[in-house]
Amino acid sequence: MKDLRTQYGQYAVVTGASSGIGEQFARRLAAAGVNVVLVARREERLEALAAELSRLHGTANIPLALDLLAPGAVDDLWQRVAGLDVGIVVANAGFYFAGPLTANPLADELDVLTLHTAVPLRMAHRFGRAFAARGRGAIVLVSSSIAASAVPYEANYAAAKSYVLSLGQALHHELKGDGVDVLVVSPGQTQTEGLDSAPGIDFSRLSGAKMPPARVADAALAGLGRRAHVVPGAMNVLTDVLTKYVLPRRLSARMYAAILRPALTAEPRNAPSAG
Ligand SMILES: NC(=O)c1ccc[n+]([C@@H]2O[C@H](COP(=O)([O-])OP(=O)(O)OC[C@H]3O[C@@H](n4cnc5c(N)ncnc54)[C@H](OP(=O)(O)O)[C@@H]3O)[C@@H](O)[C@H]2O)c1
């Protein structure tokens with residue numbers, strides 16, 4: 001792997017680092033000698049991971065318990081890392097949310113929208129501006145392999161992930177000349193707590209292998225500086241190509257409706273909370 005610390009800076013900020021894909025980003029970055037600022041709500045998990053990574057790799061990691069849905073959270077994060085040589089930002093925090101839109105509480109759908117769009121936008125703006133001013137840095141945004149289609153029963157979540165893909169691919173070109181590498185990673189089904197406890201849907205009813213989250217982090221970090229968009233896994237690449245270039249949007253939406261409808265669950269759909 002390239003020398004991330006020399007290329008970008010001594011610290012990385014990873015949101016959603018307490019589990020799943022974000023935790024694996026933190027593990028990979030620390031193994032590469034980068035100190036990691038670990039952001040999520042579950043403080044004990046962040047503290048345990050920070051200590052473990054320090055023990056394993058000698059990095060100076062900082063657990064930062066923060067609810068990114070709280071007003072001013074990204075400004076707060078920005079202030080808490082001021083003075084550190086932050087060179088990499090991974091905007092990964094999120095939660096999966098499915099079910100018929102009108103059956104879900106609007107407040108939860110608005111949280112999905114904020115966490116998956118406004119939060120990465122604020123992070124890209126804050127850190128992107130600083131990275132451009134100093135002429136180096138990297139921003140990784142986490143989208144999804146469903147981002148190229150409209151997806152019934154994940155209508156708002158999928159629309160938010162489309163936004164992330166579009167934002168990141170555009171910023172890749174905007175910031176390239178300033179020495180800032182922007183990459184979007186679009187995982188398919190990945191074996192995480194978020195997937196296991198996803199409200200509104202039972203993923204065990206869907207076919208297809210679930211990828212280990214470490215593979216997502218590895219693919220993204222390998223593509224950083226080389227590509228604007230990475231889709232880990234051959235089947236997910238196939239889905240991406242199919243929904244982007246082969247199927248008209250109305251057919252891909254129909255396809256997703258047929259796949260997801262049988263996996264919907266009847267229990268009340270409330271967004272997951274910390275703990
Ligand atoms: N798993 C998949 O199949 C899959 C596929 C495509 C895309 N993705 C995307 O990958 C990203 C990571 O998901 P995952 O599957 O790894 O799920 P996960 O294991 O549930 O991890 C989600 C992370 O986000 C954090 N988070 C959630 N709400 C937060 C908030 N309000 N403030 C701060 N942190 C918050 C969680 O930490 P706390 O609970 O401690 O706050 C946790 O660390 C998400 O953006 C998801 O949409 C996942």
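What you see is a predicted model, and the numbers here were worked out from it, not measured in a lab.

Quick notes on the rules
- Residues numbered from 1 in each chain as written.
- Predicted model: local features only at pLDDT ≥ 70, side-chain atom pairs only at ≥ 80, totals over all residues.
- Heavy atoms only, no water.
- Helix = DSSP H or I, 4+ residues; strand = E, 2+ residues; numbered from the N terminus.
- Polar contact = N/O pair within 3.5 Å; in protein donor to acceptor, adjacent residues only side chain to side chain.
- Contact = heavy atoms within 4.5 Å.
- Pairing = 2+ DSSP bridges.
- Axes fitted to C-alpha atoms, helices over the stretch in contact; angles between N-to-C directions.
- Patch = residues over 30% accessible without salt bridge, like charges linked within 9 Å, V, L, I, M, F, W, Y side chains within 5 Å.
- Areas by Shrake-Rupley, 256 points an atom, 1.4 Å probe, with all protein chains shown as cover.
- Salt bridge = Lys/Arg side-chain N within 4 Å of Asp/Glu carboxyl O.
- Near = heavy atom within 4 Å.
- Nonpolar A, V, L, I, M, F, W, Y, C, P; charged D, E, K, R; others polar.
- Parallel < 35°, antiparallel > 145°, perpendicular 65-115°, else oblique.
- Left-handed = near helix turned anticlockwise from the far one by under 90°.
- Buried < 20%, exposed > 50% of the residue type's maximum accessible area, 1.4 Å probe, protein only.

Peer 1: Residues and numbers for the side chain of Ser 18, please.
Peer 2: For Ser 18, the position within the fold is in the loop between strand S1 (11–15) and helix H2 (20–31). Within the structure, the side chain of Ser 18 is placed 3.2 Å from the side chain of Arg 42, a separation counted as a polar contact. Ignoring sequence-local partners within four residues, the contact set of Ser 18 consists of Glu 23, Ala 40, Arg 42, Arg 45 and Leu 46.

Peer 1: So what's going on with the sheet that holds strand S3 (residues 62–65)? Which residues, and what values?
Peer 2: Sheet architecture is open: seven strands sit in the order S3-S2-S1-S4-S5-S6-S7, paired in parallel fashion. The open sheet is flanked by S3 and strand S7 (229–230), the only strands paired with a single partner. In terms of strand pairing, strand S6 (residues 180–185) meets S7 through two bridges, oriented parallel. Bridged to Val 185 within S7 is Val 230. Across the sheet, helix H8 (residues 213–223) touches S6 and S7, and the angle it forms with S6 is around 150°.

Peer 1: Explain a nonpolar patch on the surface to me, using residue names and the numbers behind them.
Peer 2: Judged by side-chain polarity, Val 237, Val 241, Leu 242, Tyr 245 and Val 246 come together as a nonpolar surface patch covering roughly 440 Å² of accessible area. As for its position among the elements, Tyr 245 is in helix H9 (residues 234–246).

Peer 1: Let's hear about the site of the ligand: which residues, and what values?
Peer 2: In the vicinity of the ligand there are 31 residues, among which Arg 41, Arg 42, Tyr 157, Thr 190 and Thr 192 approach most closely. The backbone of Asn 92 places a nitrogen or oxygen atom 2.8 Å from an oxygen atom of the ligand. One of the backbone N or O atoms of Gly 194 is found 3.2 Å from an oxygen atom in the ligand. Contact with the protein chains hides 94% of the accessible area of the ligand, taken as 890 Å² for the molecule alone. Residue contributions to the shell around the ligand peak at three residues, all from helix H7 (residues 193–196). In the shell around the ligand, the residues fall into twelve nonpolar, 14 polar and five charged.

Peer 1: Describe the packing of H2 against helix H3 (residues 43–57), naming the residues involved and giving the relevant values.
Peer 2: At a closest axis distance of 10 Å, the pairing of H2 and H3 adopts a crossing angle of 25°. By the angle between their directions, the pair H2 and H3 is classed as roughly parallel. Like other packed secondary-structure pairs, H2 and H3 cross with a definite hand, here right-handed. Mapping the contact onto sequence places Glu 23, Ala 26, Arg 27, Ala 30 and Ala 31 in H2 and Leu 49, Glu 52, Leu 53 and His 57 in H3. In terms of residue class, the contact of H2 with H3 is built from five nonpolar, one polar and three charged.

Peer 1: I'd like to hear about the pattern of salt bridges, residue by residue, with values.
Peer 2: A pair can form between side chains of opposite charge whenever their charged atoms are brought close. Scanning the model with the defined rule gives eleven salt bridges in all. Between Glu 193 and Arg 42 there is a salt bridge, with its nearest N and O atoms 3.3 Å apart. Linking Glu 193 in helix H7 with Arg 42 in the loop between strand S2 (35–40) and H3, this pair joins segments that are 151 residues apart in sequence. Exposure remark for Arg 42: the relative accessible area of 18% places this residue in the buried category. Of the charged contacts in the structure, one is a salt bridge between Asp 202 and Arg 205, with a shortest N-O distance of 3.5 Å. Assessed through its relative accessible area of 25%, Asp 202 is described here as partly exposed. The structure contains a network of salt bridges with shared partners spanning Glu 23, Arg 27 and Glu 52.

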